[in-house]
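# Coordinates in review
What follows is the residue order along each chain.
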Amino acid sequence: MSVTMPTVAIIGAQWGDEGKGKITDYLAEGAEAVVRFQGGNNAGHTIVVGENVFKLHLLPSGVLRPGKLAVIGNGVVVNVQDMEEEIRQIEDAGLSIDGLRISDRAHLIMNYHKKLDGAEEVYRGKRAVGTTKKGIGPCYQDKIARIGFRVGDLLEPELIREKASYVVPMKKDIMKLMGAEECQCTNESFSDRLIGWGEKYGKYVCDTSVLVNEIIDRDGCVLFEGAQGVMLDIDHGTYPYVTSSSTVGGGICSGSGVAPNKIQKVVGCLKAYTTRVGEGPFVTELTGEEELELQKKGGEFGVTTGRGRRCGWLDLVVAEHAARLCGITSWAVTKLDVLNDYDYIKVCVAYEIDGEQVKHFPASVAKLERAKPVYVELPGWKGWQESEEVLQQGFDSLPENMKSYIKFIEDYTHIPADIISVGPDRHETIDRTGGAWWN
């Protein structure tokens, strides 16, 4: 089957927090539907629309675009209580969530998942992963163990009561064993809560695979929104310091029910420097005042956790890893404005491990902990300030050293940087395609 209108996917090319929310919001203008396909409310997107600042964790960024479908796919795990808070935030700003659709196959996060998440971190001790303690991992564990509750279950009260009769006691026993705070719910109160959710949100529940494929097959435009980043992928990231879902391009298909041949363009969101939250190796990480300066300039504090993000120079070994795994066709380079005050900017092009230069990201955490970055130093664009005139004139009006920095990324990865972001607002975006994403 030929598809004449493109689908576009946005993937985080680092450890998350690359600015995917803004890029998704920007590209969503031309899309009919925006689809999330993995993760849960451990993700965090900050989107600035005029005077309003929205901090979304679960809802697709496209929910802020009137008339768009905002789809939560089957690969997402859903915390209904947190979703309610996000819905309230949006409705308080005078916007509607009429376009929200939730897969009947998506799994539900329960309070016992969150309690077990914290208890597991305690058990790991010094090898704690640094999770957000949102219950994401334990929810995915239940999915694989085939004892999870799915969104579609909310529409079947008898099924809920039957499953609760054995799942709730089981979880209470496990929490007691793990030393976690015990849930006070009974089988009846647990079931009643879920049935209430079904009554309230059932109108948004459907087979989203059918919905999304129908849009694509009639040449509609669909935008797939990734959460976290490639380096947090359960298989290809810095395991075990990763998330519990597939954040790479292949996760789009399994997490949304769309075949691989229907994914046409993949935008890798690449921050102009590197950050990560939580534990795990980070080869280009800065320390001391140098890190604090970059953290402050970039406002690098987690939307979900509030924790200060670890900061370092751009790592093109990571970018190559992401490009290869995801089939990235374009870069969206973000937060270039954060580097405005630097005389020189470093870029990592290889690792030195045990006396050898390595250009492909290794699986071994032990090797990564021994790795030293091999840097190229590029001149900065100190003192430059973005203006309306620059934004109107486009890429050519950017400082020569900034353009050289972008070209260095393009030459190393052999991928064009089609979107350049020089600020948090929608309009602070330079689109080198001329807006031809949906042609």
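Residues numbered from 1 in each chain as written. Predicted model: local features only at pLDDT ≥ 70, side-chain atom pairs only at ≥ 80, totals over all residues. Heavy atoms only, no water.

With that out of the way, let us pick up the pairing of strand E11 (residues 265-271). Judged by how many residues are buried, E11 sits mostly within the fold: 6 of 7 residues are covered. Where strand E1 (residues 7-12) and E11 come together, 5 bridges link them in parallel fashion. When the bridges of E11 are listed, Val8 appears paired with Lys265. Strand direction decides the pairing type here: E11 and strand E15 (residues 330-334), joined by 5 bridges, are parallel. In the strand pairing of E15, Lys271 is matched with Thr334. (Buried < 20%, exposed > 50% of the residue type's maximum accessible area, 1.4 Å probe, protein only. Helix = DSSP H or I, 4+ residues; strand = E, 2+ residues; numbered from the N terminus. Pairing = 2+ DSSP bridges.)

Our focus in this paragraph is the pattern of salt bridges. By the definition in use, this model includes 25 salt bridges. The partner of Lys200 in a salt bridge is Glu84, and the shortest N-O contact between them spans 3.2 Å. Of this pair, Lys200 sits in helix H6 (residues 187-201) while Glu84 is found in helix H2 (residues 80-92), placing the two residues 116 residues apart along the sequence. Across the pair Lys171 and Asp142 runs a salt bridge whose closest N-O atoms are separated by 2.7 Å. Residue Lys171 is located in helix H5 (residues 157-178), and its partner Asp142 is located in helix H4 (residues 136-145); the two are separated by 29 residues in the primary sequence. There is no split in this pair, since Lys171 and Asp142 are both buried. (Salt bridge = Lys/Arg side-chain N within 4 Å of Asp/Glu carboxyl O.)

Locating Thr274 in the fold gives a position in strand E12 (residues 274-276). C-alpha of Thr274 to C-alpha of Ile215: the two residues are 59 residues apart in sequence and 36 Å apart in space. Those residues in contact with Thr274, other than ones at most four positions away along the chain, are Gln14, Trp15, Phe282, Thr284, Arg310, Cys311, Gly312, Trp313, Leu314 and Asp315. Among the polar contacts listed, one links the side chain of Thr274 to the backbone nitrogen of Asp315, at a separation of 3.4 Å. (Contact = heavy atoms within 4.5 Å. Polar contact = N/O pair within 3.5 Å; in protein donor to acceptor, adjacent residues only side chain to side chain.)

Moving on to the sheet that holds strand E7 (residues 100-103). Strand order across the open sheet formed by 10 strands is E9-E7-E5-E2-E10-E1-E11-E15-E19-E20, with mixed pairing between neighbours. On the outer flanks of this sheet lie strand E9 (205-206) and strand E20 (429-431), each paired with one strand and no other. When E7 meets E9, the two strands line up parallel, connected through 2 bridges. Bridging across to E9, Ile102 finds its partner in Val205. Contacts from helix H7 (residues 208-217) reach E1, strand E2 (33-36), strand E5 (69-72), E7, E9 and strand E10 (222-225), with the element oriented near 135° to E5. Those strands touched by helix H13 (residues 400-413) are E11, E15 and strand E19 (417-421), and its axis lies near 145° from that of E19. (Axes fitted to C-alpha atoms, helices over the stretch in contact; angles between N-to-C directions.)

As a further point, take the side chain of Lys403. Residue placement: Lys403 occurs in helix H13. Taking relative accessible area as the criterion, Lys403 reaches 15% and is therefore assigned buried. Residues within four places of Lys403 in sequence aside, it is in contact with Phe395, Asp396 and Leu398.

Quick look at the side chain of Arg65 now. Turning to its location among the elements, Arg65 is positioned in the loop between strand E4 (52-56) and E5. Among the polar contacts made by the side chain of Arg65, one reaches the main-chain carbonyl oxygen of Asp25 at a distance of 3.0 Å. Ignoring anything within four residues of it in the chain, the contact list for Arg65 reads Asp25, Tyr26, Ala28, Glu29 and Arg426.

All right, on to H7 then. Among the residues of H7, those classed as buried are Thr208, Leu211, Val212, Asn213, Ile215 and Ile216. Packed against the buried residues of H7 are E1, E2, E5, E7, E9 and E10. At the N-terminal boundary of H7, the capping side chain belongs to Asp207, with an oxygen 3.2 Å from the backbone nitrogen of Ser209. At the C-terminal side of H7, Asp219 shows a positive phi close to 70°.

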